[in-house]
Amino acid sequence: ILNVEQSPQSLHVQEGDSTNFTCSFPSSNFYALHWYRWETAKSPEALFVMTLNGDEKKKGRISATLNTKEGYSYLYIKGSQPEDSATYLCASYNTDKLIFGTGTRLQVFP
Amino acid sequence: DTGVSQDPRHKITKRGQNVTFRCDPISEHNRLYWYRQTLGQGPEFLTYFQNEAQLEKSRLLSDRFSAERPKGSFSTLEIQRTEQGDSAMYLCASGASGSTGELFFGEGSRLTVL
């Protein structure tokens with residue numbers, strides 16, 4: 001059974017704060033690691049797909065790193081804004097499907 | 001809009017009734033996935049199709065659940081004799097085989113069983 005774990009479960013920050021979340025996954029048979037952002041009443045939206053150990057990807061104020069040898073990925077948000085409030089999901093791609101973690105629910109207060 | 005669409009968005013039903021959800025994927029995608037998400041959990045894999053073939057079903061999918069993709073385009077997920085524990089968000093996603101697994105999700109169908 002493939003377990004993907006995320007921490008923290010929820011996070012409340014002030015506008016302007018920088019924050020980061022952790023995703024851990026089994027490192028054996030690794031293929032790809034995905035980050036999604038899921039806003040209430042919308043569909044989950046892909047942020048990053050990462051495959052290589054040491055990979056670092058960036059989209060605006062959001063960036064992610066990947067360590068496939070030890071089985072973890074970090075997602076960073078610099079200068080959080082209220083519109084960043086969402087659930088951030090990571091998922092490991094294995095045997096033709098995504099296995100998701102429980103997500104980190106981020107709330108950014110103005 | 002050429003994204004993944006799901007219908008209905010919300011369904012309230014009484015225990016014991018049957019419900020059916022429909023998913024229209026992105027037309028170029030040959031794979032279609034169903035996931036279920038309950039409060040405090042991430043999306044859990046239920047089943048997926050490649051074209052019209054159902055290639056994998058999760059052990060979560062009891063005999064009351066059936067999914068079809070008859071022509072390799074849209075898919076339906078039917079739940080028979082619904083139970084309160086079936087209350088959840090049912091998400092559909094589509095993607096292409098041979099890729100790194102990126103999926104494009106619909107907005108989900110929320111089921112409430114009274």
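Residues numbered from 1 in each chain as written. Chains lettered and ligands numbered in written order. Predicted model: local features only at pLDDT ≥ 70, side-chain atom pairs only at ≥ 80, totals over all residues. Heavy atoms only, no water.

Let us now look at the state of the cysteines. All names here are of chain A. Taken as a whole and assessed by the stated rule, the structure comprises two disulfides over all chains. In this model, Cys 23 is linked to Cys 90 through a disulfide, with the two sulfur atoms separated by 1.9 Å. Residues Cys 23 and Cys 90 share a disulfide whose torsion about the S-S bond is about 75 degrees; that sign makes it right-handed. In this pair, Cys 23 sits in strand β3 (residues 19-24) while Cys 90 sits in strand β9 (residues 86-94), placing the two residues 67 residues apart along the sequence. Here the two residues Cys 23 and Cys 90 agree in accessibility, since each one is buried. (Disulfide = S-S within 2.5 Å. Helix = DSSP H or I, 4+ residues; strand = E, 2+ residues; numbered from the N terminus. Buried < 20%, exposed > 50% of the residue type's maximum accessible area, 1.4 Å probe, protein only.)

This brings us to the sheet that holds strand β3 (residues 19-24) of chain B. Residues and elements named next belong to chain B. Strand order across the open sheet formed by four strands is β1-β3-β8-β7, with antiparallel pairing between neighbours. Unpaired on one side and paired on the other, β1 (5-7) and β7 (65-68) mark the two borders of the sheet. The sheet shows a mean angle of 15 degrees between the axes of neighbouring strands, taken without regard to direction. (Pairing = 2+ DSSP bridges. Axes fitted to C-alpha atoms, helices over the stretch in contact; angles between N-to-C directions.)

So, about the pairing of strand β2 (residues 10-14) of chain A. Residues and elements named next belong to chain A. Here β2 shows a clear split, with Leu 11 and Val 13 buried on one side and none of Ser 10, His 12 and Gln 14 buried on the other. In terms of strand pairing, β2 meets strand β11 (residues 104-109) through five bridges, oriented parallel. Within β11, the residue paired with Gln 14 across the bridge is Phe 109.

As a further point, take the pattern of salt bridges. Applying the stated rule across the entire model yields nine salt bridges over all chains. Salt-bridge contacts for Glu56(B) lead to Lys97(A); the nearest nitrogen and oxygen are separated by 2.8 Å. Highlighted residues: Glu56(B) in strand β6 (residues 53-57) and Lys97(A) in strand β10 (residues 97-100), drawn from two different chains. The shortest N-O distance in the salt bridge between Asp86(B) and Arg64(B) comes to 2.8 Å. Remark: Arg64(B) occurs in the loop between β6 and β7 and Asp86(B) occurs in the loop between β8 (75-79) and β9 (88-95); sequence separation between them is 22 residues. A single salt-bridge network, built from bridges that share partners, covers Arg37(A), Glu39(A) and Lys42(A). (Salt bridge = Lys/Arg side-chain N within 4 Å of Asp/Glu carboxyl O.)

Once that is clear, we can look at the sheet that holds strand β6 (residues 56-59) of chain A. All names here are of chain A. Taking strand neighbours across the sheet as the criterion, the five strands line up as β1-β3-β8-β7-β6 in an open arrangement whose pairing is antiparallel. Whereas interior strands pair on both sides, the edge strands pair on one side only; in this sheet they are β1 (5-7) and β6. Direction aside, neighbouring strands of the sheet carry axes that sit 15 degrees apart on average. With four bridges connecting them, β6 and strand β7 (residues 62-67) associate as antiparallel partners. Note on β7: the bridge partner recorded for Glu 56 is Thr 65.

Shape descriptors only; they carry no functional weight alone.
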